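Examining the three-dimensional arrangement
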Amino acid sequence: MLPLNKIINGDCIKILKQIPDKYIDVIITSPPYNIGIDYGLTYNDNKENKEYYKLIKMFLFESHRVLKDKGIVCVVIGEQNGNNLLTDFRILLDNAKFNKIKNIVWFKGLYYIPHEYILIYSKSTKYKNYYSHNDKWYSNNTFPTLWKIRYDIVRKKLKHNASFPLKIPEKLIEILTSENQIILDPFMGSGSTCIAAEKLNRKWIGIEINPEYCEIARKRLKPWINQTRLSVFNKE
């Protein structure tokens, strides 16, 4: 059993295999896009397609296994350098027996990459929402087609080449979970999902292969850690 509220440095597939069946409430993550981004020496983002899609298939298979029956996976992806990730991920999610809830267009406001996608899929045909508002994030029991969240607010001061804004996991967590439920990010990066979970009083697990990114995430998380847990967190 993996400890909760902890950053785990290692290969996400190997670590996912250590998580029991039907243990996680929601997965929020952004896998690498395989477009040659420099993630350091711990990961090659320029794999052969066969190798890359094998990784994604294993990630989705294990995600389906560890999610509770009404669990949800949210995947942030982008189509860049001529790839077809949106179509490919839709097919792979279907093949992994997930059910589509919504594909949201995330408008980033960058002239060279104007938008990406947030794919929201459930393990079963039913899911529960916990959101009490009708607003631009969620209204009348459905997600909108478009979320406008500018990207330039996340690139400052973060030594990570592909972070997403904190607002994305915050709103997904608010809508799809209640307090103390368990959030997992298998490709944690600089820790945005874990920070959002901590802020909103959810339990979380963050998995990241790059030790430098783990340290960045730890530093970002510390201001949000509950004081009763801070001494334990500092010793990890």
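Residues numbered from 1 in each chain as written. Predicted model: local features only at pLDDT ≥ 70, side-chain atom pairs only at ≥ 80, totals over all residues. Heavy atoms only, no water.

1. Details of the sheet that holds strand β2 (residues 24-29)
Within the open sheet, the eight strands sit side by side as β1-β8-β7-β2-β3-β5-β4-β6. Their pairing is mixed. What marks the edges here is a single partner per strand, and that holds for β1 (6-9) and β6 (146-148). Averaged over all adjacent pairs, the angle separating strand axes in this sheet is 20 degrees, with direction ignored. Summarising the sheet, β1 and strand β8 (residues 203-208) pair through four bridges and their orientation is parallel. Bridge pairing in β8 links I7 to G206. (Pairing = 2+ DSSP bridges. Helix = DSSP H or I, 4+ residues; strand = E, 2+ residues; numbered from the N terminus. Axes fitted to C-alpha atoms, helices over the stretch in contact; angles between N-to-C directions.)

2. A look at the packing of aromatic side chains
Counted under the stated rule, the structure contains six aromatic pairs. Each ring, one from F59 and one from F187, has its centre 5.2 Å from the other, and the planes form 80 degrees; the classification is edge-to-face. Taken together, the residues F59 in helix α2 (residues 49-66) and F187 in the loop between β7 (182-185) and α6 (192-199) connect sequence positions 128 residues apart. Pair check on accessibility: F59 and F187 agree, each one buried. Ring centres of F143 and W147 lie 6.3 Å apart, and the angle between their planes is 55 degrees; this geometry places the pair in the tilted category. With respect to burial, F143 and W147 carry one shared label: buried. Taken together, the ring pairs in this structure connect Y131, W137, Y138, F143 and W147 into an aromatic cluster. The residue whose ring lies beneath K108 is W106, and the NZ or CZ to ring-centre distance is 5.1 Å. Sitting over the ring of W224, K199 keeps its end group 4.6 Å from the ring centre. (Phe/Tyr/Trp six-rings, centres within 6.5 Å; stacked < 30°, edge-to-face > 60°. Buried < 20%, exposed > 50% of the residue type's maximum accessible area, 1.4 Å probe, protein only. Lys NZ or Arg CZ within 6 Å of the ring centre and 35° of its normal.)

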